[in-house]
Amino acid sequence: MNNEKCRFSSYGGYCRILSVKSCDGMNEDCPFYKTEKQFRESADRAILINRRKCRCESCTYTTKPCQLSVFYKK
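Residues numbered from 1 in each chain as written. Predicted model: local features only at pLDDT ≥ 70, side-chain atom pairs only at ≥ 80, totals over all residues. Heavy atoms only, no water.

Here's the deal with the overall build of the protein chain
Just so we agree on the cut-off: Strands here are runs of E lasting at least two residues and helices are runs of H or I lasting at least four, both read from the DSSP assignment and numbered beginning at the N terminus. The globule rule is 2.2 Å times the number of residues to the power 0.38, and the radius of gyration it is compared with is taken over C-alpha atoms. The rule is simple: take the accessible area with a 1.4 Å probe, protein chains only, and divide by the maximum for that residue type; under 20% is buried, over 50% is exposed, in between is partly exposed. The criterion used for residue contact is that any of the two residues' heavy atoms lie within 4.5 Å. Computed by Shrake-Rupley with a 1.4 Å probe, the accessible areas treat only the displayed protein chains as cover when residues are assessed. We count Lys and Arg on the positive side and Asp and Glu on the negative side, and we leave His and both chain ends out. Charge positions come from single atoms, namely NZ of Lys, CZ of Arg, CG of Asp or CD of Glu.
If you tally the helices and strands in the protein chain, you get 1 helix and 2 strands. Each helix (α) and strand (β) of the protein chain, taken in turn from the N terminus, gives the series β-β-α. The C-alpha radius of gyration of the protein chain comes to 15 Å, more than 25% above the 11 Å expected for a compact globule of 74 residues. Projected onto its principal axes, the C-alpha coordinates of the protein chain cover approximately 40 × 25 × 20 Å. Looking at the protein chain as a whole, 18% of its 74 residues are labelled buried. Within the protein chain, contacts between residues separated by at least 24 positions form 41% of all contacts whose residues are at least 6 apart in sequence. When the accessible surface of the protein chain is split by element, carbon and sulfur atoms take 53% of a total near 6,300 Å². In the protein chain, the 15 positive side-chain charges and the 8 negative ones have mean positions that sit 7 Å from each other.

Okay, structure coming up:
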């Protein structure tokens, strides 16, 4: 079992994306469970896909579109 807490767990035992009141952040069976590393890897993978499809120029979600995380390794 992994000892890392889910990125979406918050203080007070709540999940930040699901309306679940009791979440300790350690339930790996939850479909939304991601450690910080897993979350960054998924986000970087999505950014690379969007770069290949030339979608970064029209991004409205952030002021610095398609910026990879500091953890990204080529």
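Let us keep going from here.
Focus: the packing of aromatic side chains
Where we set the bar: Any Phe, Tyr or Trp ring, taking Trp's six-membered ring, that has another such ring centre within 6.5 Å forms a pair; planes under 30 degrees apart are called stacked, those over 60 apart edge-to-face, and the others tilted. A ring is scored as having a charge over it whenever the NZ atom of a lysine or the CZ atom of an arginine sits within 6 Å of its centre and within 35 degrees of its normal.
Taken as a whole and assessed by the stated rule, the structure comprises 1 aromatic pair. Between Phe8 and Phe39, the ring centres sit 5.8 Å apart and the planes meet at 90°, which makes this aromatic pair edge-to-face. Here Phe8, found in the segment before strand E1 (9-10), pairs with Phe39, found in helix H1 (residues 36-52); they are 31 residues apart in sequence, far enough to count as distant. Relative accessible area serves as the criterion here: at 13%, Phe8 is assigned to the buried category. Taking NZ or CZ as reference, Arg7 lies 3.8 Å from the ring centre of Phe39, over its face.

Focus on the environment of Asn50
One can find Asn50 in helix H1. Residue classification places Asn50 among the partly exposed residues on the basis of a relative accessible area of 26%. Not counting residues within four places of it along the chain, the set of residues in contact with Asn50 comprises Arg55, Cys56 and Cys66.

So, the side chain of Asp44
In plain terms, the rule: Salt bridges, as used here, are contacts in which a Lys or Arg side-chain nitrogen is within 4 Å of a carboxyl oxygen on Asp or Glu. Under this definition, polar contacts are N or O atom pairs within 3.5 Å; protein pairs additionally need one hydrogen-donor-capable and one acceptor-capable atom, and for neighbouring residues in sequence, both atoms have to be side-chain atoms.
With respect to the helices and strands, Asp44 occurs in helix H1. Among buried Asp, Glu, Lys and Arg side chains, Asp44 stands out as unpaired, with Arg40 the closest opposite charge at 6.6 Å. Within the local environment of Asp44, its side chain forms a polar contact with the side chain of Ser69, the two groups lying 2.7 Å apart. Setting aside chain neighbours within four positions, we find Asp44 in contact with Leu68, Ser69 and Tyr72.

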